[in-house]
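# Architecture at a glance
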Amino acid sequence: MAADTRESLCAWGLRKTYHMKLIVLTSSRFGTASNCLPILSGSAKYSIARVIVSRGLQTDRARLWQRKLKKTMRIGVLGALNGIRMRTWYDGGHPTADLVELCQRLGIPVFETENTNSEETVRLFREAAPDLGLSLGNGYISHRVFSIPKYGMINAHGERLPAYQNAQSVIWPIYHLETQTGLTIHQIDRSIDTGKILYREEYPIVFCAKLENTVRRTLEITQERTPPAVRYVCENYELLMNQATAQENGRSFTTPSIWQFLRMVRNNRILYTQK
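Fair warning: this is a prediction, and the values are worked out from it, not measured in the lab. (Residues numbered from 1 in each chain as written. Predicted model: local features only at pLDDT ≥ 70, side-chain atom pairs only at ≥ 80, totals over all residues. Heavy atoms only, no water.)

## Points about the overall build of the chain
A count of helices and strands for the chain gives eleven helices and seven strands. Each principal axis of the C-alpha atoms in the chain carries an extent, and together these give about 50 × 50 × 35 Å. A buried classification covers 47% of the 275 residues belonging to the chain. Sequence-distant contacts in the chain: of pairs separated by 6 or more residues, those separated by 24 or more amount to 77%. Summing over all exposed atoms, the chain offers an accessible surface of approximately 13,800 Å²; the carbon and sulfur share of this is 52%. If the 36 positive side-chain charges of the chain are averaged to one point and the 24 negative ones to another, these points end up 5 Å apart. (Helix = DSSP H or I, 4+ residues; strand = E, 2+ residues; numbered from the N terminus. Buried < 20%, exposed > 50% of the residue type's maximum accessible area, 1.4 Å probe, protein only. Contact = heavy atoms within 4.5 Å. Areas by Shrake-Rupley, 256 points an atom, 1.4 Å probe, with all protein chains shown as cover. Lys, Arg positive; Asp, Glu negative; His and termini not counted. Charge placed at Lys NZ, Arg CZ, Asp CG, Glu CD.)

Structure representation (structure tokens):
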């Protein structure tokens, strides 16, 4: 976000004050939501009505396995197994507190549901009657959920949009021999990571000799940058939404095949030696 834009937003904030009621939805008791909540709480411009934690239980097991099989056929068995191994790369960074315990300390009501898009989630959203929903660490959120808040929902995506929709951070830019990563906060719509962009920033990838360490070190930076960015968007949502731009020419990614992964390893080595 350019400095002049920040200054105009600050000046606008002096002219107009408003108070919104937020609801936070996450699929993990540890991670992005618990990382953001201490900085999100205590704002004079909004209040957090409640936090909802989805346990991620799948009620339609047949449909789940159909999706897994389809994905495995697309990226291959080795790609799928390697993708499982890579998940640990994204679990690192600075340790976070248990979200439920954190909510209790901050005096924020917290609820757990079986599934992100369950009837229980819908009920808890409607009860709260929020102005804005905030997605921190979720997969697909259905229209029946994100349409409930007055202004819909926003999502924090740990990569640049529209270039890397539905993409794991860092690895796909490296696949394309790029040296920049970033984070984007966008409005949620019916597809994944395709809504209007409210906030976006870029920063260099921290290259290490091993791809795994490159991912881990760079994600630590994303973890530090995300909470203040989310708070900034929540405090200035109305103006940012009025200025938001639709995404064009987006590219969607998934878990890499084993051949794509090997190219990532090679490119990481090339970029590391060039830094």
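## Thoughts on unusual backbone geometry
Omega for the bond connecting Leu161 with Pro162 falls within 30 degrees of zero, at 5°, which places this linkage in the cis form. Mapped onto the fold, Pro162 is located in the loop between β5 (153-157) and α8 (171-175). A positive phi is found at Asn166, a non-glycine position, where the angle reads about 55°. As for its position among the elements, Asn166 is in the loop between β5 and α8. Of the residues examined, Asn166 reaches a relative accessible area of 36% and is grouped as partly exposed. Although it is not a glycine, Val170 sits at a positive phi angle of roughly 75°. Within the secondary structure, Val170 is located in the loop between β5 and α8.

## Describing the packing of aromatic side chains
Going through the model one piece at a time under the given rule, you end up with six aromatic pairs. Their ring planes at 65° and their centres at 5.1 Å tell us that Trp172 and Tyr175 sit as a pair that is edge-to-face. Residue Trp172 and its partner Tyr175 are located together in helix α8, separated by three residues, close to a single helical turn. Of the two residues, Trp172 and Tyr175, both sit in the buried class. Taking 4.8 Å as the distance between ring centres and 35° as the angle between the ring planes, the aromatic pair formed by Trp172 and Phe253 counts as tilted. (Phe/Tyr/Trp six-rings, centres within 6.5 Å; stacked < 30°, edge-to-face > 60°.)

## A word on the packing of helix α2 (residues 32-40) against helix α5 (residues 99-106)
Running from N to C, α2 and α5 point in directions that differ by 15°, and their axes come no closer than 9 Å. Between α2 and α5, the crossing angle belongs to the class labelled roughly parallel. As for how α2 packs across α5, the hand of that crossing is left-handed. In this structure, α2 uses Ala33, Ser34, Leu37 and Pro38 to contact α5, whose residues at the interface are Leu99, Leu102, Cys103 and Leu106. For the contact of α2 with α5, a count of residues per class yields seven nonpolar, one polar and no charged. (Axes fitted to C-alpha atoms, helices over the stretch in contact; angles between N-to-C directions. Parallel < 35°, antiparallel > 145°, perpendicular 65-115°, else oblique. Left-handed = near helix turned anticlockwise from the far one by under 90°. Nonpolar A, V, L, I, M, F, W, Y, C, P; charged D, E, K, R; others polar.)

## Remarks on the sheet that holds strand β7 (residues 197-204)
Pairing within the open sheet is mixed, and its seven strands lie in the order β3-β2-β1-β4-β5-β6-β7. Strands at the two margins of the open sheet, each flanked by one partner only, are β3 (110-113) and β7. Within this sheet the neighbouring strands show an average axis-to-axis angle of 20°, counted without direction. Here strand β1 (residues 20-26) runs beside strand β2 (residues 46-54); their pairing, made up of seven bridges, is parallel. Bridge pairing in β2 places Leu22 opposite Ile48. Contacting β1, β2 and β3, α5 runs over the sheet at an angle of about 155° to β2. (Pairing = 2+ DSSP bridges.)

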